[in-house]
Amino acid sequence: MRQAVILAGGQATRLRPYTEDRPKAMVEVRGVPVCERQLVWLARAGVEHAVMSVGYRADVIQERIGDGSRLGISVTYAVETEPLGRGGGMKLAAKTLPFPDEGWFAMNGDVLSRFELKDLLAHHRRTSALATIALAPYKSTWGLATLEGDFILGFVQSPHLPYWINGGIYAMEPEVVDMLPDKGDHEDSTFPELALSGRLGGYKIEGYWRGIDTVKDLKEANAEFPED
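Predicted model only: the values in this text are computed from it and were never measured. (Residues numbered from 1 in each chain as written. Predicted model: local features only at pLDDT ≥ 70, side-chain atom pairs only at ≥ 80, totals over all residues. Heavy atoms only, no water.)

**Some words on the sheet that holds strand β12 (residues 200–204)**
No. 1: Strand order in this open sheet of seven strands is β5-β4-β1-β6-β11-β8-β12, and the pairing throughout is mixed. At either end of the open sheet lies a strand with only one pairing partner, and these are β5 (74–79) and β12. Adjacent strand axes in the sheet meet at a mean angle of 30° when their direction is disregarded.
No. 2: Judged from the four bridges that link them, strand β6 (residues 104–108) and strand β11 (residues 160–172) form a sheet pairing that is antiparallel. (Pairing = 2+ DSSP bridges. Helix = DSSP H or I, 4+ residues; strand = E, 2+ residues; numbered from the N terminus. Axes fitted to C-alpha atoms, helices over the stretch in contact; angles between N-to-C directions.)

Here it is as structure tokens:
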């Protein structure tokens, strides 16, 4: 796939004070904004063009990213004049993709990951899904006690549990664009519709993944993010 959409319009009140003067996608991990790291990752995977769906403090993103040439990728912007929700923002941006008859990657502007996008794409094409979600392992935020009878043998801190969560990274076919809501969240409408028709795929990420929703997430990402 040679095109992608990044949802970068989030205000992220849970990340304040870091987002008081910038959108969520512009918070920095090891000195580089999250969305900039995403664009570099996409470019290295062969993506030629990205449309960034922007709203809150769009000017901050546009000033930093520009046309993307510095990062090795062409970047344009779909600017919301009113809040459209994640699905609406994705649709607005996808409608401006340069290759409308081709598939596209999409990602939330608050996730950092390092795995081979070509593997996600190969899985997506092998299953003939209309959309494939990259799934991240669910990590407990709590320490879990290990028991033998009525006695505690020890504790496991923040283990991975046998469940998979939406990693906010997708491979999409062109038909999905018209299935997205004009307003609202694609996870409440488009994805359930695709799942019911057996056209929603899942790909388990093997590699680093971190969603940045809170100040704690941001601090942990700065401590653990693997340098290229």
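**Describing helix α6 (residues 215–224)**
Residues spaced three or four apart along an α-helix point in a common direction, a consequence of the helix completing one turn every 3.6 residues.
No. 1: Along α6, the positions that sit buried rather than exposed are Asp217, Leu218 and Ala221. On an axial view of α6, the arc spanned by its buried residues comes to 100°, and they lie on one face. For α6, exposure combined with an orientation more than 90 degrees from the buried face picks out Lys216, Lys219 and Ala223. (Buried < 20%, exposed > 50% of the residue type's maximum accessible area, 1.4 Å probe, protein only. Arc of directions from axis to C-beta.)

**Points about helix α4 (residues 117–127)**
No. 1: For α4, every residue scored as buried is listed here: Leu117, Leu120, Leu121, His123 and His124. Down the axis of α4, the buried side of the element spans an arc of 160°, and every buried residue falls inside it. Opposite its buried face, α4 presents the exposed residues Lys118, Arg125 and Arg126, each directed more than 90 degrees away.
No. 2: Lining the buried residues of α4 we find α1 (34–44), β6, β8 (131–139), β11 and β12. (Contact = heavy atoms within 4.5 Å.)

**Details of unusual backbone geometry**
No. 1: One non-glycine residue with positive phi stands out, namely Arg30, at about 55°.
No. 2: Mapped onto the elements, Arg30 comes out in the loop between β2 (28–29) and β3 (32–33).
No. 3: With a relative accessible area of 34%, Arg30 lands in the partly exposed category.
No. 4: We note that Ser128 has phi near 60°; this positive angle belongs to a residue other than glycine.

**Overview of the pairing of β8**
For a regular strand, side chains alternate in direction, first toward one face of the sheet and then toward the other.
No. 1: Inspection of the sheet shows β8 paired to β11 by eight bridges, in the antiparallel sense. Each residue of the ladder has a partner; that of Ala136, found in β11, is Ile165.
No. 2: Two strands pair when backbone bridges link them, and β8 and β12 are joined in this way by five bridges, in the parallel orientation. Following the sheet pairing, Ala134 is matched in β12 by Tyr203.

**Re the environment of Gly31**
No. 1: Note on placement: Gly31 falls in the loop between β2 and β3.
No. 2: In this structure, the C-alpha to C-alpha distance between Gly31 and Asn222, residues 191 residues apart in sequence, is 8.8 Å.

**A few points about the pattern of salt bridges**
Oppositely charged side chains can pair when the atoms bearing their charge come close.
No. 1: The final tally for this structure, using the stated rule, is 14 salt bridges.
No. 2: With its nearest N and O atoms 3.3 Å apart, the salt bridge here joins Glu36 to Arg70. In this pair, Glu36 is assigned in helix α1 and Arg70 in the loop between α2 (58–65) and β5, connecting sequence segments 34 residues apart.
No. 3: Classification of Glu36 by relative accessible area gives buried; the value is 7%.
No. 4: What you see here is one network of salt bridges that share partners, running through Arg210, Lys216, Glu220 and Glu224. (Salt bridge = Lys/Arg side-chain N within 4 Å of Asp/Glu carboxyl O.)

**Focus: the packing of aromatic side chains**
No. 1: For the coordinates displayed, the defined rule picks out three aromatic pairs.
No. 2: Geometrically, the ring pair formed by Trp41 and Phe115 is edge-to-face, given 5.3 Å between the ring centres and 75° between the ring planes. One end of the pair, Trp41, is in helix α1; the other, Phe115, is in the loop between β7 (111–114) and α4, and 74 residues separate them in sequence.
No. 3: Exposure remark for Trp41: the relative accessible area of 10% places this residue in the buried category.
No. 4: Exposure remark for Phe115: the relative accessible area of 8% places this residue in the buried category.
No. 5: Measuring from ring centre to ring centre gives 6.0 Å for Phe115 and Tyr203, while their planes differ by 40°; the resulting arrangement is tilted. Of this pair, Phe115 sits in the loop between β7 and α4 while Tyr203 sits in strand β12, placing them 88 residues apart in sequence. Comparing Phe115 with Tyr203 shows no difference in burial state: the two are buried.
No. 6: Connected via pairs of aromatic rings, a cluster forms that spans Trp41, Phe115 and Tyr203. (Phe/Tyr/Trp six-rings, centres within 6.5 Å; stacked < 30°, edge-to-face > 60°.)

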